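Descriptive structure summary
So the chains spell out like this:
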Amino acid sequence: MKVWTRLLGVAMTAAMLVAGPAMAKEWKTVKLGTEGAFPPWNSTKADGTLEGFEIDLANILCERMDVKCEWVVQSWKGIIPALNAGKFDVIMSGMSATAKRAEVIDFSIPYGSTGQTFGVLSDSELVDLPLKGTVFPLASKPEEAKKAIEEIKPMFEGKIIGVQSSAIAERFLQENLADVAEIREYGKTQEHDLDLMSGRVDAIMASTAYISTAMKDPANEGMVLAGPRFQGGILGKGSSIGMRKGSDDLKAMFDKAIASARDDGTIKDLSIKWFGFDVTVY
Amino acid sequence: MDMQFFWESLVTLIPGIPLTLQLAFLSTFLGAFIALGLAMMRLSGIRPLDWFARGYLFVFRGSPLLVQLFLIYYGLSQFPAVRHSFAWTFLRDPYWCAIIALTLNTAAYASEVIRGGLLSVPHGQVEAARACGMSGFKLFRRIVLPLAIRQALPAYGTELILMVKATSLASIITIMEITGLAAKLVSETYRVIEVFVVAGAIYLAINFILTRIIMAFEYKLTPHLREPRITKVLALENESAGEIS
């Protein structure tokens, strides 16, 4: 009896292994992982439900892919390990597709990019950082970006810059400003906001979208955008949906849905609603 | 098993050891003075002092260290009055916020350990000291405190080990000690198991050495519990004498 069940088990596993690649898993439900604390991409409302650009966009994408979507909230630090451990099927959490991350997970085509910039207090001398709001693509115009960095560098001499640990802005700061300024790393973006407000750090670096939203919070009165905006290169192609290596079927589904939402202006409409400007990656 | 990565993790985490030890030792050292004060308040028999100490214990032993850290670091900085005061020179710095939180926390636990030690001093010893003409501070310094410390040492050793582990919480207020460096390495490499196994092993090694040191102290302070060396020598002499005859 025991031998018989074991044999059956082996036979079934073998059958599944053979049939697996031929007949790809039919996706009915897709679990999406999000931080739920990165407005306006995603945030958690007082009643515990999620809202944001990505929540609206995912609803549309899932409808077009004809699947049911379920959200799973996961802290930012552990989000990639959690994906690889199978807690959810994809990450949709304002995550930029960087080369380093692409070593461990696959990415869809990008669905949005706002660039990274600085946030300072309005009474700080750093308000006068040059090139405010100008966009510098690190990959396509490296010389100009290098010049912009050299131009802002002297003003950061001896200053402390707060940044979310292991976010793309942190890598940018370590490579470009760590020689003049102290880089202090935080687990959550809200924490560096608190320390900017209290004066423990002189500036923060985060996505333009994030700082523009945080500024509107009454608790962050006096926080303003400063300096140039950087994007591309080590800052990634833009926010993309992350998935486990080899999820080719999911990638094809999402790529198609994102492309259609980009081409018919859905992403543009949603980004005007949530960001106030167009974040579409064309 | 990627031995190369284990090695790289170790090399990344080792620079965090001095900071971990500094946080643990400095706060335990400072906390010991507050703890002694609190224990004496509890035993003073003066009502208001006793109540103050009880209240302190209630708050700092009853609430999680994580919450205390958050309140001291992010909470106090919310008040402009704090930011404009002299205290801000310390509170501005995450390092001192961690030291303050750890010190206040360990003081609460250690004060009970010390109180237990003080209570365990036999009354006969105190009477004997009085008979020798000691009183007041001299009696406390020469007789009561040394006996209390000897009695409290095993429990205090445990407290020191708990403090070494408690420093790992400092990583949440941007301090890059062993756990802070480990969390950063995990978020860069996405390899949780290897990094935290190495971090855990470092804490184990630190605490192993610490327990040996505490044991050595205990051994040195308790000669009265061992067979005196002189009787051993006599016993040996008797044996050899027996062999000859």
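Look a little higher up for the structure.
Residues numbered from 1 in each chain as written. Chains lettered and ligands numbered in written order. Predicted model: local features only at pLDDT ≥ 70, side-chain atom pairs only at ≥ 80, totals over all residues. Heavy atoms only, no water.

Re the interface of chain A and chain B
Of the residues lining the interface, 21 residues belong to chain A; the matching set on chain B comes to 21 residues. Carbon and sulfur atoms supply 52% of the area that chain A and chain B bury against each other, a total of about 1700 Å² over both sides. Considering only the side of chain A, the residues that lose the most area to chain B are E185, S198 and R200 of chain A, jointly responsible for 32% of the buried surface there. The tally of links between chain A and chain B comes to two salt bridges. Here E185 of chain A makes a salt bridge to K184 of chain B, at a shortest N to O gap of 3.2 Å. Our count for the chain A to chain B interface comes out at eight residue pairs in polar contact (both at pLDDT 80 or more). Contributions of two or more residues to the side of chain A that touches chain B are made by α3 (79-84), α4 (99-102), α6 (168-176), β11 (182-186) and α7 (189-198) of chain A. The biggest single contributor to the side of chain A that touches chain B is α7 of chain A, with five residues. A class-by-class count of the residues in the side of chain A that touches chain B yields seven nonpolar, five polar and nine charged. (Contact = heavy atoms within 4.5 Å. Buried area = accessible area lost by both parts, 1.4 Å probe. Salt bridge = Lys/Arg side-chain N within 4 Å of Asp/Glu carboxyl O. Polar contact = N/O pair within 3.5 Å; in protein donor to acceptor, adjacent residues only side chain to side chain. Helix = DSSP H or I, 4+ residues; strand = E, 2+ residues; numbered from the N terminus. Nonpolar A, V, L, I, M, F, W, Y, C, P; charged D, E, K, R; others polar.)

Let's talk about the packing of helix α2 (residues 17-43) of chain B against helix α3 (residues 47-62) of chain B
Residues and elements named next belong to chain B. Where α2 meets α3, the axes come as close as 7 Å, and the angle between the chain directions of the two elements is 130 degrees. Between α2 and α3, the angle is such that the two are oblique. In terms of crossing hand, the pair formed by α2 and α3 is left-handed. Only L49, D50, F52, A53, R54, Y56 and L57 of α3 make contact with α2, whose side of the interface consists of I34, L38, M41 and R42. Among the residues forming the contact of α2 with α3, the class breakdown is eight nonpolar, no polar and three charged. (Axes fitted to C-alpha atoms, helices over the stretch in contact; angles between N-to-C directions. Parallel < 35°, antiparallel > 145°, perpendicular 65-115°, else oblique. Left-handed = near helix turned anticlockwise from the far one by under 90°.)

Coordinates in, geometry out; function isn't part of it.
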